[in-house]
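Residue-level structural notes
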Amino acid sequence: MSQVSVGDKVYVAKVKKKERKIVSLTKRLVKSPFGLMGFLVILGVCIVGIFAPVIAPFNPVETDLTKKLLAPMTGGHLLGTDQLGRDILSRIIYGTRISLIIGITTVFFAGLVGTTVGVLAGYFRGWLDVVLMRIVDVQLSFPFILLVLIINAVLGTGLKNIMISLIVVGWVSYARVIRSEVLAIREKEFIHSCFATGVPRWEIIVKHIVPNLFTPLIVLASLQVSTFIIAEASVSFLGFGVQPPTPAWGNMLNEGKNFILSSWWLITFPGLALVITTLGINLFGDWLRDELDPEMNQNR
Amino acid sequence: MLDFIIKRVIQTVIVIFLALTVVFFLIRLSGDPTVLMLPPDAPPEQYEEFRKQHGFDQPLHIQYVDFIKNSVKGDFGDSIRMGTSALGLVVERIPATFQLALTALTLSVVIAIPIGVISAYKRNSLTDRLGVGFTILGQAIPNFWLGLMLIYVFSVSFKMLPAGGGGSMIHLILPTVTLAMHSVAKFARFTRSTMLDVLRKDYIRTAKASGTPTNKILMKYALKNALIPLLTLISLELGTLLGGAVIVEVVFSWPGLGRLLMDSLLNRDFPVVLAGVFFIALIYTFINFVTDMLYAVVNPQIRL
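Counting restarts for each chain: residues are numbered from 1 in the order of the written sequence. Chain letters start at A and ligand numbers start at 1, both assigned in the order the entries are written. Where totals are concerned, whole chains, interfaces and linings use all residues; where local detail is concerned, this predicted model gives features only for residues with pLDDT of at least 70, and gives and counts side-chain atom pairs only at 80 or more. With hydrogens and water stripped out, all remaining heavy atoms of the structure feed into the side-chain values.

Another point: the overall build of chain A. The secondary structure content of chain A amounts to twelve helices and zero strands. Secondary structure elements are defined from DSSP: runs of H or I of at least 4 residues count as helices, runs of E of at least 2 residues count as strands, and each element is numbered from the N terminus. Taken from the N to the C terminus, the helices and strands of chain A come in the order α-α-α-α-α-α-α-α-α-α-α-α. In terms of overall dimensions, chain A has C-alpha extents of about 80 × 55 × 40 Å along its principal axes. Only protein chains enter the accessibility calculation, which uses a 1.4 Å probe. A residue is then buried if its area is under 20% of the maximum for its type, exposed if over 50%, and partly exposed in between. Burial status across chain A gives 48% buried among its 300 residues. Whether two residues touch is decided by their heavy atoms; if any such pair falls within 4.5 Å, the residues are in contact. A separation of at least 24 residues holds for 69% of the contacts in chain A among residues at least 6 apart in sequence. Carbon and sulfur atoms form 68% of the exposed surface of chain A, whose accessible area is close to 14800 Å². In summary, the charge assignment counts Lys and Arg as positive and Asp and Glu as negative, without counting His or the chain termini. For charged residues, the charge sits on one atom: NZ in Lys, CZ in Arg, CG in Asp, CD in Glu. In chain A, 27 side chains carry a positive charge and 19 a negative one; their mean positions are 4 Å apart. Throughout, the Shrake-Rupley method with a 1.4 Å probe supplies accessible areas, and for residues the shown protein chains are the sole cover considered.

On to the overall build of chain B. When you go through chain B residue by residue, the secondary structure sums to twelve helices and zero strands. Shown N-terminal to C-terminal, the secondary structure of chain B runs as helices and strands in the order α-α-α-α-α-α-α-α-α-α-α-α. What you see for chain B is a C-alpha radius of gyration of 24 Å, clearly larger than the 19 Å of a compact globule of 304 residues, by over 25%. Dimensions of chain B along its principal axes, counting C-alpha atoms only, are 85 × 60 × 30 Å. A buried classification covers 49% of the 304 residues belonging to chain B. In chain B, of all internal contacts separated by at least 6 residues, the share reaching a separation of at least 24 is 74%. As displayed, chain B offers around 14800 Å² of accessible surface, 66% of which is attributable to carbon and sulfur atoms. Averaged over its 26 positive side-chain charges, chain B has a centre that lies 20 Å from the centre of its 19 negative ones. Each radius of gyration reported is based on C-alpha atoms, and the globular scaling rule is 2.2 Å times the count of residues to the power 0.38.

Okay, the pattern of salt bridges next. A side chain with one charge may pair with a side chain of the opposite charge, provided their charged atoms come close. All names here are of chain A. The term salt bridge refers to a side-chain nitrogen of Lys or Arg lying within 4 Å of a carboxyl oxygen of Asp or Glu. Tallied over the entire structure, the rule returns 18 salt bridges over all chains. For Arg28, the salt bridge goes to Glu291, with nearest N and O atoms at 2.6 Å. Of this pair, Arg28 sits in helix H1 (residues 6–31) while Glu291 sits in helix H12 (residues 265–292), placing them 263 residues apart in sequence. A residue is classified by how much of its surface remains accessible, and Arg28, at 38% relative accessible area, is partly exposed.

Once that is clear, we can look at a nonpolar patch on the surface. Residue and element names in this part refer to chain A. For patch detection, residues must exceed 30% relative accessible area and be free of salt bridges, and they are connected within 9 Å for like charges or within 5 Å for nonpolar side chains (Val, Leu, Ile, Met, Phe, Trp, Tyr). On the surface, Phe39, Leu40, Leu43, Ile47, Ile50, Phe51, Val54 and Ile55 cluster together to form a nonpolar patch covering roughly 750 Å² of accessible area. Every element with two or more residues in the nonpolar patch is listed here: helix H2 (33–50) and helix H3 (52–55). No other element matches H2, which puts five residues into the nonpolar patch. Mapped onto the fold, Phe39 is located in helix H2.

Residue and element names in this part refer to chain B. Along the chain, Thr232 falls in helix H10 (residues 214–251). Among the residues examined, Thr232 registers a relative accessible area of 21% and is labelled partly exposed. Sequence separation of Thr232 and Val290 is 58 residues, and the distance between their C-alpha atoms is 9.6 Å. Once residues lying within four places of it in the same chain are set aside, the contact partners of Thr232 are Thr291 and Tyr295.

Here we take up the interface of chain A and chain B. Residue-level contacts link 40 residues of chain A with 43 residues of chain B. Throughout, buried area stands for the accessible area (probe radius 1.4 Å) lost by two parts on being put together, summed over both. When chain A packs against chain B, the two sides together hide about 3900 Å² of surface, and 78% of this comes from carbon and sulfur. Along the contact surface separating chain A from chain B lie one salt bridge. A salt bridge links Asp286 of chain A to Arg189 of chain B; the shortest N-O distance between them is 2.9 Å. Identification of polar contacts relies on pairs of N or O atoms within 3.5 Å, with a donor-acceptor requirement for protein atoms, meaning one able to donate a hydrogen and the other able to accept it, and with residues adjacent in sequence counted only if both atoms are side-chain atoms. The interface formed by chain A and chain B contains three residue pairs in polar contact (both at pLDDT 80 or more). Looking at which element gives the most residues to the side of chain A that touches chain B, the answer is H12 of chain A, with twelve residues. Residue composition of the side of chain A that touches chain B, grouped by class: 26 nonpolar, eight polar and six charged. Under this grouping Gly is polar, as are all residues other than the nonpolar Ala, Val, Leu, Ile, Met, Phe, Trp, Tyr, Cys and Pro and the charged Asp, Glu, Lys and Arg.

Below, the discussion takes up helix H5 (residues 86–121) of chain B. Residues and elements named next belong to chain B. In a regular helix each residue adds 1.5 Å, so 36 residues correspond to 52 Å; H5 covers 52 Å between its end C-alpha atoms and thus fits that length. Approximately 30° is the largest bend angle found in H5, and it occurs at Ile94, with the proline Pro95 only one to four residues beyond. One side-chain oxygen at the N-terminal end of H5 lies 3.4 Å from the backbone nitrogen of Leu87; it belongs to Ser85. Expected span, for any helix, means 1.5 Å times one less than how many residues it has. Fitting axes to the seven residues ending at a residue and to the seven starting there, one defines the bend at that residue as the angle between these axes.

Attention now goes to the confidence of the model for chain B. Residues and elements named next belong to chain B. Looking at chain B, pLDDT values average 87 and 98% of them are 70 or higher. Residue-level confidence of the predictor is what pLDDT reports, using numbers from 0 through 100. Per-element confidence in chain B ranges from a low mean pLDDT of 71 for helix H2 (residues 33–37) to a high of 95 for helix H7 (residues 143–157). Confidence metrics for the complex model read pTM 0.88 and ipTM 0.87.

Now for the side chain of Ser235 of chain B. Residue and element names in this part refer to chain B. Structurally, the position occupied by Ser235 is in helix H10. Residue class for Ser235 comes out buried when judged on its relative accessible area of 16%. A distance of 2.6 Å separates a polar atom in the side chain of Ser235 from a polar atom in the side chain of Thr291. If near-sequence neighbours (up to four positions away) are discounted, Ser235 is found in contact with Ile287 and Thr291.

Another point: the environment of Gln99 of chain B. All names here are of chain B. Mapped onto the secondary structure, Gln99 falls in helix H5. The sequence separation of Gln99 and Gly256 amounts to 157 residues, and the corresponding C-alpha distance is 9.2 Å. Excluding anything up to four places from it in sequence, Gln99 contacts Leu172 and Trp254.

Below, the discussion takes up the packing of helix H8 (residues 169–199) of chain B against H10 of chain B. Residues and elements named next belong to chain B. Angular values range over 0 to 180 degrees, each being the angle between N-to-C directions of two axes fitted as lines to C-alpha atoms, with helices fitted over their stretch in contact. Where H8 contacts H10, the two axes come as close as 9 Å, and the packing angle between them is 150°. Looking at the two axes, H8 sits roughly antiparallel to H10. Considering how the two elements wind past one another, H8 and H10 form a crossing that is right-handed. Per-class residue counts for the contact of H8 with H10 are 19 nonpolar, six polar and two charged. Small angles under 35 degrees read as roughly parallel and large ones over 145 as roughly antiparallel, with 65 to 115 read as roughly perpendicular and the rest as oblique. Handedness of a helix crossing follows the sense of rotation of the near helix relative to the far helix, less than a right angle counterclockwise being left-handed and clockwise being right-handed.

Position of Leu100 of chain A among the secondary structure elements: in helix H4 (residues 88–124). In contact with Leu100 of chain A, not counting residues within four places along its chain, are Val45, Cys46 and Gly49 of chain A.

Attention now goes to H10 of chain B. Residues and elements named next belong to chain B. Here H10 is 38 residues long, yet its end C-alpha atoms lie only 44 Å apart, well below the 56 Å a rise of 1.5 Å per residue gives. Along its length, H10 reaches its greatest deviation from straightness, about 45°, at Leu223. Residue Ser253 follows H10 closely and has a positive phi angle near 45°.

Residue and element names in this part refer to chain A. In summary, the pairing rule links any two rings of Phe, Tyr or Trp, Trp by its six-membered ring, whose centres are within 6.5 Å, and it sorts them by plane angle into stacked for under 30 degrees, edge-to-face for over 60 and tilted for everything else. For the structure on display, the rule yields 17 aromatic pairs over all chains. Taken together, a centroid distance of 5.0 Å and an interplanar angle of 80° make the contact between Tyr123 and Phe124 edge-to-face. On the basis of relative accessibility, which here comes to 3%, the residue Tyr123 falls in the buried class. Here the aromatic rings of Tyr123 and Phe195 are separated by 6.4 Å at their centres, their planes lie at 50°, and the arrangement is tilted. With Tyr123 in helix H4 and Phe195 in helix H8 (residues 189–196), this residue pair connects regions lying 72 residues apart in the sequence. For Phe195, a relative accessible area of 33% gives the class partly exposed.

Here it is as structure tokens:
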């Protein structure tokens, strides 16, 4: 039994420390009403998205023209039906999936690209930094949504293309933040001692710099999720994004706006779903930022 | 100072040149506009003629060199759809977009600063909670949905305001409110947090202790100092609003640059898209430039 080496003990201690950190973070979440509310909304949206086929009362793409534009609470349709007789509630439930996919994958890949660029620019500096940051400047000389639209006009419509355009446009903000973080970390003493003791470059980057970027990354990513979800909805609303009959909140609003004179429920409920989701993500994101980065925001 | 200005002007020129290059190649990839412009049953000779007329028969690199040469002279070619100068079409639409963005900016400053100041002064009171709740909600509502709901309530149900179009002050109300919402929330939140910072300072405590009236403390001592960082945020927001205007203009059929760009993108009207992009990039970089200058002017600690 006494075979445990010192290395193992250090490892076990590290794991325990991490566990403790997560436990204390959870405890603090439960005590924060806004943070908890945000977390529960996110959890709810995830569950609805994953179990959409079980939860949805109707087939979201099945049309029935005899039941078109039914008002909410009629004919067994809780939130009414649209111009083709499709059940709004079921379409909203399935639409959750699009927003979830966008919120998770595009934020992840944009973060991956942005972090890589930011680390390279911040670590190597020199001409590489100049070139990469000029690219960032070019992208920042346009409004975010306009660039997404231009790229989507080029690539064509559909979920895959809107994801690509969001990643292509979205990595820039990560690159900027991460670059300045790396520039600061690079001047810390522990990195200087790595240089002095001849630790290989890749090891300095991967083992010593990247682990220190997690806090700003998580904070930034949590705030980007709602931006990206709204961007997808906007692009789909303008007709460039996810196309009907695939249900997405943005294209439901786009179709619904033609019936604004007669059927208010077509534009009301998908929008509410969007607001509740982004509200939950923002509340949780704000809480997370305050917890992880207390210096940044004392008063908000 | 002069060094800074020269450096920034050179930087701006490079950025805009690169931006135009990227967009030029991007939209050429989106396909041949000839197919959209001519009827499907048009004879092949007509297609050839059309391509020749707009220079699409040339190799891409020659098209690009021509484009750069002409755009330096301010000539972006003629709109494929309208047949008139692309730059002319864009310039024509700019006042409407600026009108919308500037009224939205003014409205958000006028509403947000009092909310932020009162919220900070009455920290943790019911008023503060309501203010904070409003800002959180305001940042979560997508502007195109807010626009639709406002149209439904004020145009469809109460028939008080027009649902779209431009030309008069009445037409401006709904689009302005829609566009301003997000900025109101952002400014109010920022004002509150900077005011809280300032109100903690020693000189405020001294002023309070010496019996200075609350109004004077808030307006003269606190807000004045909180305004410096806020000013940067406000001037940068103008750029964001010009971008947000793209969607709001479509929702309200506002005759501005955003709607023109959307229509041109849908119809592959390349010259108009490029002229529009040129102007937006120019305005954007100019706003950033002015913001930096402004910051140096109001805050003497910054040296350019």
